[in-house]
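Coordinate analysis (summary)
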Amino acid sequence: ERWRLYDFPTSKAPAFKSARMPNMNFLSLIEAKRDGQTLDPVQIKEIIGEYTAGRILDYQMAAFLMAVYFRGLTREETRALMLAMRDSGDVLSFPKDPRPVVDKHSTGGVGDKVSLPLAPLLACLGFRVPMISGRGLGITGGTLDKLDSIPGFNSLPPIERIIETVQNVGCVICGQTARMVPADKGLYALRDVTATVPSIPLIVASILSKKLAEGLNALVLDVKFGVAAFMQTQEKARELAQMLVALGNECGVNTRALLTNMDTPLGRAAGNWLEVKEAVLCLESRGPQDLRELVIACAAHLLVQSGKAKPLEAAHAQATDCLASGKPREKWNEMLAAQGADLAAFDRKLALDHTAPVVVELKAPAAGYVSRCNARILGEAVRDLGGGRFTKESGINYDVGVDAIAKPGEPIKAGGVLARIHAAERAQADAACAPLKTAFSISAQRPAAESLIAEIIEPPK
């Protein structure tokens with residue numbers, strides 16, 4: 001398997017002798033990795049330092065990434081790359097405080113708005129949450145794009161403001177500053193245009209470098225698998241999760257991962273503003289069950305990981321009670337206000353049934369049970385409506401998307417609503433109907449229920 005981590009020769013690469021002529025010296029390291037040799041941590045640190053400083057050219061780094069894609073990295077090389085990327089810029093540093101610093105990361109999916117209700121819930125449970133998030137690309141929705149649909153919300157505060165908000169409010173959800181992990185920004189842009197994204201060592205280094213830069217005590221990972229996930233199979237998701245968990249713990253962050261199913265969208269809404277509305281419903285204990293389940297599970301695991309509760313059942317009950325108390329809903333408003341949101345305008349927008357100009361219902365052709373709701377097809381429909389990006393530079397429409405999604409196992413009548421399409425124009429809504437019809441299947445028998453959380457990956461004991 002072309003991106004496995006351990007099955008390559010371990011002969012040492014030649015030294016990277018001088019930063020004065022990085023292109024000449026870097027060529028020998030490209031050749032070494034191309035031939036399956038192992039680089040030492042000093043070499044990897046120097047590579048990242050020289051690239052961040054602009055002294056290694058993009059085309060040479062692209063060649064190096066391709067060599068890594070085919071030859072892989074050992075665990076030690078991956079760790080060195082991750083730490084060098086973390087140290088390429090600013091690292092968050094928080095004052096001493098009894099509240100642990102924690103976060104959650106998802107590998108991305110359709111309808112995945114867990115971060116929105118989770119951050120204020122964690123703050124109410126006695127954590128500090130510096131949730132550094134990203135924007136969406138393709139069918140994967142970005143947390144920052146969802147938040148940018150809120151009037152006045154500032155998703156890119158300076159680092160000083162991030163620390164201040166975390167200390168005073170307990171949570172912040174924002175993007176990384178220009179000074180945080182700059183190496184990852186450059187490397188990811190190159191990976192995106194050189195077909196080297198699906199490399200487990202590079203994925204691990206990218207994810208953990210950003211999370212380690214937050215100064216965390218504990219981290220829970222939501223690693224998805226299925227038709228709309230980056231890792232299509234549970235086996236591949238497990239391989240990625242195991243490496244993330246192992247290296248996170250080696251670096252002093254109590255880390256574990258949940259493997260979750262992404263064959264079906266999470267919740268009943270996909271699309272930026274529609275997902276914000278659903279996140280608020282979750283905070284008011286009125287949201288869909290699968291979203292609620294995953295939010296509470298992430299919170300419960302972090303309670304256990306940080307030593308604030310045990311066993312997991314007790315932590316689950318504690319998180320459930322806290323969510324039901326209404327305090328996380330108040331904390332959500334407090335976080336929005338701290339990040340510049342216009343709460344009055346937000347409430348007015350929340351009161352509207354829809355903000356897109358056109359809403360069209362997709363009707364069931366027959367009665368029975370919903371047996372399939374393909375998350376990839378729904379995600380592609382949202383993207384094509386304008387709610388997602390084909391490139392990082394693309395603009396998006398925050399108001400379009402799909403909601404009222406019928407989920408597998410639910411009974412439906414002929415003519416019943418399978419989903420509502422929110423579009424900017426009628427022609428776009430009509431164009432979305434044809435592919436969306438193929439996303440749903442209806443059967444005479446109720447399908448067997450599938451677990452949302454398939455597996456828990458913990459560090460070896």
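In what follows, the structure referred to is the one given above.
Presented here is a report on the structure given in the accompanying data block. The structure presented is a predicted model; accordingly, all values stated were derived computationally and were not measured.

One pass over the structure, following the stated rule, counts four cavities of 30 Å³ or more. Along the wall of the largest cavity there are 23 residues; nearest its centre are Ile139, Thr140, Gly141, Val382 and Gly387. Secondary-structure elements contributing two or more residues to the lining of the largest cavity are helix H6 (143–147), helix H11 (272–283) and helix H16 (375–387). Looking at which element gives the most residues to the lining of the largest cavity, the answer is H16, with four residues.

With that settled, the discussion passes to the pairing of strand E10 (residues 417–423). Residues in a regular strand project their side chains so that they alternate between the two faces of the sheet. Taking burial as the measure, the seven residues of E10 include six buried ones, the bulk of the element. Inspection of the sheet shows strand E6 (residues 358–363) paired to E10 by six bridges, in the antiparallel sense. When the sheet's bridge partners are listed, Glu361 is paired in E10 with Arg420. Inspection of the sheet shows strand E8 (residues 401–403) paired to E10 by three bridges, in the antiparallel sense.

Relative to each other, helix H12 (residues 289–305) and helix H13 (residues 312–324) sit at 125°, their axes nearing to 8 Å. The orientation of H12 relative to H13 falls into the category oblique. Crossing angle aside, the handedness with which H12 passes H13 is right-handed. On the side of H12, the interface is formed by Arg292, Ile296, Ala299, Ala300, His301, Leu303 and Val304, while H13 contributes Leu312, Ala315, His316, Gln318, Ala319, Thr320 and Leu323. Partitioning the contact of H12 with H13 into residue classes produces nine nonpolar, four polar and one charged.

Pairing in this open sheet of three strands is antiparallel, and the strands run E9-E7-E11 from one edge to the other. Either end of the sheet is taken by a strand with one partner, and the two such strands are strand E9 (411–412) and strand E11 (440–443). Running over the sheet, helix H17 (residues 426–439) touches strand E7 (368–373) and E11 and is turned about 45° from E11.

Another point: the packing of aromatic side chains. If you walk through the whole model with that rule in mind, you get four aromatic pairs. Considering the side-chain rings of Phe26 and Phe64, the 5.6 Å spacing of their centres and the 50° angle between planes classify their relative orientation as tilted. Of this pair, Phe26 sits in helix H1 (residues 22–34) while Phe64 sits in helix H3 (residues 58–71), placing them 38 residues apart in sequence. Residue Phe26 shares its accessibility class with Phe64, and that shared class is buried.

The rules behind each value
- Residues numbered from 1 in each chain as written.
- Predicted model: local features only at pLDDT ≥ 70, side-chain atom pairs only at ≥ 80, totals over all residues.
- Heavy atoms only, no water.
- 1 Å grid on protein atoms, 1.4 Å probe; cavity = no way out; pocket = protein on both sides within 12 Å on 5 of 7 lines; lining within 4 Å.
- Points joined across faces, edges and corners; volume = space filled by probe spheres on them.
- Helix = DSSP H or I, 4+ residues; strand = E, 2+ residues; numbered from the N terminus.
- Buried < 20%, exposed > 50% of the residue type's maximum accessible area, 1.4 Å probe, protein only.
- Pairing = 2+ DSSP bridges.
- Axes fitted to C-alpha atoms, helices over the stretch in contact; angles between N-to-C directions.
- Parallel < 35°, antiparallel > 145°, perpendicular 65-115°, else oblique.
- Left-handed = near helix turned anticlockwise from the far one by under 90°.
- Contact = heavy atoms within 4.5 Å.
- Nonpolar A, V, L, I, M, F, W, Y, C, P; charged D, E, K, R; others polar.
- Phe/Tyr/Trp six-rings, centres within 6.5 Å; stacked < 30°, edge-to-face > 60°.

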